[in-house]
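Listed here are the chains, written in short residue letters.
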Amino acid sequence: MARVALVTGASSGIGAATVRALAAAGFETVAAARRLERCEELAQEVGGRALALDVTDQNSVDALAAELGDVSVVVHSAGGALGLEPVGEANEEHWQAMYDTNVLGVMRVTRALLPALRLAGDAHVVVIGSVAGQEVYPGGGGYTAAKHAANAVARTLRLELLEDGIRVSEVAPGLVDTEFSLVRFEGDAERAAGVYRGLDPLTAEDVAELIEFIVTRPAHVDIDFAVIKPTAQASALITHRRDE
């Protein structure tokens, strides 16, 4: 019987690419996100299922857990960044939203699905973090705080679920060309494109391939933490860009 893999934030970007990669690897995939229609199109494409999920809403999380049934792999891809203001000019609503999705969302979904994961026999929790969970940079206070917290949650789960035999991994990407920057800059396409100008960023598929590799290792192997960046990116701030 195929293992069931739930991917949150599956309506676009890394989440959608992960659904495709895991389906190709033989998993029974469940694509979950607020934009249900996108997940339904994806599910039809790969032969999986689609469920509505807002990780900031406990009722939505509980409804998903009740409908999902068995699950062996949970990939926490829902998240994102908002704004690039210094702390002294912080938008409090942005900070709350980033913490609610990137941190509390991971907690809510994990908590709701732990009973099923404990019964799975070979369960795996994957948190999509960021290089922003390891570094800080000017203007990134809200997002780096949230991703540092997500990193702490992943490392804590690794300890707490050790006796259950549930694997826990964090994947921390650098620059990935998805809707991430477009959302961060509230639809400003030119500003979003500038984030990737002069270098070859990662694609969502690059990150999804790494996730697939991690969750298909033998049950005795846990890749606790993996960082993936474009060759032209050495750190959150240091990149080599071509003249254009």
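For clarity, every value in this text was computed on a predicted model and none was experimentally measured.

**A few points about the sheet that holds strand β3 (residues 49-52)**
Here is step 1 of the chain: Strand order in the open sheet formed by seven strands is β3-β2-β1-β4-β5-β6-β7, with parallel pairing between adjacent strands. Every other strand in the sheet has two partners, leaving β3 and β7 (225-228) as the edge strands with one partner each. Neighbour to neighbour, the strand axes of the sheet diverge by 15° on average, direction disregarded.
Here is step 2 of the chain: Across the sheet, helix α4 (residues 92-120) touches β1 (4-8), β4 (73-76) and β5 (124-128), and the angle it forms with β4 is around 175°.
Here is step 3 of the chain: Helix α8 (residues 204-215) contacts β4, β5, β6 (167-173) and β7 of the sheet and is inclined by roughly 165° relative to β6.

**Considering the packing of helix α1 (residues 13-24) against helix α2 (residues 36-46)**
Here is step 1 of the chain: Packing of α1 against α2 leaves a shortest axis separation of 10 Å and a crossing angle of 20°. In this view, α1 runs roughly parallel relative to α2, as classed from their interaxial angle. Judged by the sense of rotation from one axis to the other, the crossing of α1 with α2 is right-handed. For the pair α1 and α2, contact is made by A16, V19, R20 and A23 and by L42, E45 and V46, respectively.
Here is step 2 of the chain: The residue makeup of the contact of α1 with α2, split by class, is five nonpolar, no polar and two charged.

Each value, and the rule that gives it
Residues numbered from 1 in each chain as written. Predicted model: local features only at pLDDT ≥ 70, side-chain atom pairs only at ≥ 80, totals over all residues. Heavy atoms only, no water. Pairing = 2+ DSSP bridges. Helix = DSSP H or I, 4+ residues; strand = E, 2+ residues; numbered from the N terminus. Axes fitted to C-alpha atoms, helices over the stretch in contact; angles between N-to-C directions. Contact = heavy atoms within 4.5 Å. Parallel < 35°, antiparallel > 145°, perpendicular 65-115°, else oblique. Left-handed = near helix turned anticlockwise from the far one by under 90°. Nonpolar A, V, L, I, M, F, W, Y, C, P; charged D, E, K, R; others polar.

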